[in-house]
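# Tertiary structure, described
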Amino acid sequence: MNFTDAGAARSNIPALTNPEVATRLIAPHVGYVNRGDLVIGLEFNGQPLAIPLKLLWYHEVLNLQADVDPTVPNATGERLTITYSPLTGSVRVFDPAATDTPDFAVSNYVLDNNLVMDDGSGTLYPQLTRSATCGPQDGISLKRVPYELMLYGAWLQVFQDTWIATRVTGHDFLYTLYPYGNYRDPDNASLFYPTSAPIDLRRRPKERVVGVPSGTGGYAFAISDLREVAARDQEGQNFTVWAASARVGGEPVVAFWNSVAQSARIYHARANGRFLTFEVVEGRRQDVETGSVWNFGGEAVAGPLDGERLEPHPEAYHAFWFAWAAFQPDTELWKPPVHLTGSADFVPTDDATLLPSDPDLVRRRPR
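Report on the accompanying structure.

Thresholds applied
Residues numbered from 1 in each chain as written. Predicted model: local features only at pLDDT ≥ 70, side-chain atom pairs only at ≥ 80, totals over all residues. Heavy atoms only, no water. 1 Å grid on protein atoms, 1.4 Å probe; cavity = no way out; pocket = protein on both sides within 12 Å on 5 of 7 lines; lining within 4 Å. Points joined across faces, edges and corners; volume = space filled by probe spheres on them. Helix = DSSP H or I, 4+ residues; strand = E, 2+ residues; numbered from the N terminus. Nonpolar A, V, L, I, M, F, W, Y, C, P; charged D, E, K, R; others polar. Core = buried A, V, L, I, M, F, W, Y, C linked by side-chain atoms within 4.5 Å. Buried < 20%, exposed > 50% of the residue type's maximum accessible area, 1.4 Å probe, protein only. Contact = heavy atoms within 4.5 Å. Pairing = 2+ DSSP bridges. Axes fitted to C-alpha atoms, helices over the stretch in contact; angles between N-to-C directions. Salt bridge = Lys/Arg side-chain N within 4 Å of Asp/Glu carboxyl O.

### Structural notes on empty space enclosed by the protein
Going through the model one piece at a time under the given rule, you end up with three cavities of 30 Å³ or more. Looking at the largest cavity, its volume works out to about 110 Å³. As for the largest cavity, its lining consists of 14 residues, of which Tyr 147, Arg 265, Ile 266, Ala 316 and His 318 are closest to the centre. Elements with a minimum of two residues in the lining of the largest cavity: β13 (148-151), β19 (263-268) and β26 (317-320). Counting residues per element, the lining of the largest cavity draws most heavily on β19, which supplies four residues. Volume-wise, the second largest cavity comes out at about 50 Å³. When residues of the lining of the second largest cavity are traced back to their parent elements, those giving at least two are β6 (61-65) and β7 (79-85). Residues belonging to the lining of the second largest cavity are distributed by class as follows: four nonpolar, four polar and two charged.

### Details of the nonpolar core
By size, the foremost hydrophobic cluster in this structure holds 98 residues, and its most contacted members are Ile 40 and Phe 221. Apart from residues lying up to four places away in sequence, Phe 221 is in contact with Arg 208, Val 209, Val 210, Leu 226, Ala 244, Ala 246, Ala 255, Ile 266 and Trp 334. Membership of the second largest hydrophobic core comes to nine residues, among which are Phe 94, Val 106, Leu 115 and Met 117.

### A word on the pairing of strand β10 (residues 114-118)
Judged by how many residues are buried, β10 sits mostly within the fold: five of five residues are covered. Where strand β9 (residues 105-111) lies against β10, four bridges are found, and the strand directions are antiparallel. Across the sheet, the residue bridging to Ala 105 is Asp 118, located in β10. What sits between the antiparallel neighbours β9 and β10 is a turn of two residues, in which Asp 112 has the positive phi angle 50 degrees. Pairing of β10 with strand β11 (residues 124-126) involves three bridges; the strand directions are antiparallel. In the sheet register, Val 116 faces β11, and the bridge partner there is Pro 126. Between the antiparallel neighbours β10 and β11 lie five residues, among them Gly 120 with a positive phi of about 90 degrees.

### A look at the sheet that holds strand β16 (residues 217-222)
The mixed open sheet is built from four strands, whose spatial order is β26-β15-β16-β27. In this open sheet, the two strands that pair with only one neighbour each are β26 and β27 (332-333). Alignment of strand β15 (residues 208-214) against β26, held across four bridges, turns out to be antiparallel. The residue bridging Arg 208 from the neighbouring strand is Phe 320, located in β26. Here helix α3 (residues 223-233) sits on the sheet and contacts β15 and β16; the angle it forms with β16, its principal contact strand, is near 45 degrees.

### Thoughts on the environment of Gly 170
Tracing the backbone through its elements, the reader meets Gly 170 in the loop between β14 (163-165) and β15. Judged by relative accessible area, Gly 170 falls into the exposed class, the value being 76%. Separated by 150 residues in the primary sequence, Gly 170 and Glu 20 place their C-alpha atoms 9.9 Å from one another.

### Quick look at the sheet that holds strand β17 (residues 241-248)
Two strands in a sheet stick together by hydrogen bonds in their backbones, pointing the same way (parallel) or opposite ways (antiparallel). The strand order across the open sheet built from three strands is β17-β18-β19, with neighbouring strands paired in antiparallel fashion. The open sheet has two free edges, formed respectively by β17 and β19, since each of these has just one partner strand. Put simply, the sheet's adjacent strands are angled 25 degrees from each other on average, direction ignored.

### A look at α3
Of all the 11 residues making up α3, eight are buried; the element is thus mostly covered by neighbouring parts of the structure. Every buried residue belonging to α3 is among Ile 223, Ser 224, Asp 225, Leu 226, Arg 227, Glu 228, Val 229 and Ala 230, and all of these are buried. Contacts from the buried residues of α3 go to β15, β16, β17, β18 (251-258) and β19.

### Overview of the pattern of salt bridges
Summed over all chains, the structure comprises 12 salt bridges. A salt bridge links Asp 225 to Arg 203; the shortest N-O distance between them is 2.9 Å. With a gap of 22 residues between them, Asp 225 in helix α3 and Arg 203 in the loop between β14 and β15 connect regions that are remote in the sequence. Assigned by exposure class, Asp 225 and Arg 203 land together as buried. Notably, a salt bridge pairs Arg 270 with Glu 251, separated by 2.9 Å at the nearest N-O pair. Here Arg 270, found in strand β20 (residues 270-271), pairs with Glu 251, found in strand β18; they are 19 residues apart in sequence, far enough to count as distant. By relative accessible area, Arg 270 is classed as partly exposed at 33%. Several salt bridges converge on common partners, so that one network encompasses Asp 187, Arg 203, Arg 204, Glu 207 and Asp 225.

This is how it looks when you write it as structure tokens:
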């Protein structure tokens, strides 16, 4: 691997460890987050937690360590490392239990513009290769953890009792200002550092995609395609949904799109011991095999499979197209129905009125 020196010392971009969190009702420390902002959503230590992407524009790595019950012998608290690489637009969440590293930092290197983490021992962990290189921990792989990437307003509909990382970090960054100018414009082909291969021209360089890697290939879904197909199919609706089926390494997967969340989530397409394919009928996701109806949370809410759940794909991640193609050069791309294609790209909005109440986001309690 050819690492590029980013020209800054280790931890010049300061990672966060156990940042202050608060309920969504506490102000002003969470007032920097708008309902139209993207957040990384997950459950940590049994608690829903939202990490605003704008926080990670400045920190890139966030380490979480749950408190340990002192009355439990040999107890270890849950740990997660949440990462976002602004230059590649990529999100990954890791369980660092395989390492002895208490906290990951941002190294002074990048790999094809992608974040490279440092564990303090001289070992480097490129975010998108998912394993350690060039150090004592060489070859150790970090376990990937599923996450949500959606608008904060939609996350609040799913988890009204959520906690959120505040802007009290000990740093004076202006978290409401994107620090890279027009870098993330979908048509902007400029990059900060050299890349090992030319930009793949099948999509616009900075388009957002979500996909599942497999070796040097995999399968990617362009967010703009999912959005446009759903909107054109269900024109005039307050919210739109879609389901796009594919196969990755011979295994069926499905991407569920929700317009209120402005997000797609990828699942293993199997339930109750059978593989499933999906279609959208009258604005509802249905599996072809049984006709059961599925919501964005991967739950069957009607039909023969009512109560069954799809498993989120832990390998799935979001990234800019140029970065996805650089790390997965043999990737396949989902092709939407020809009569429903479009090209508009999403621009986050602060207008909460654009986030209508959406029953597709409602999660039911496990039976």
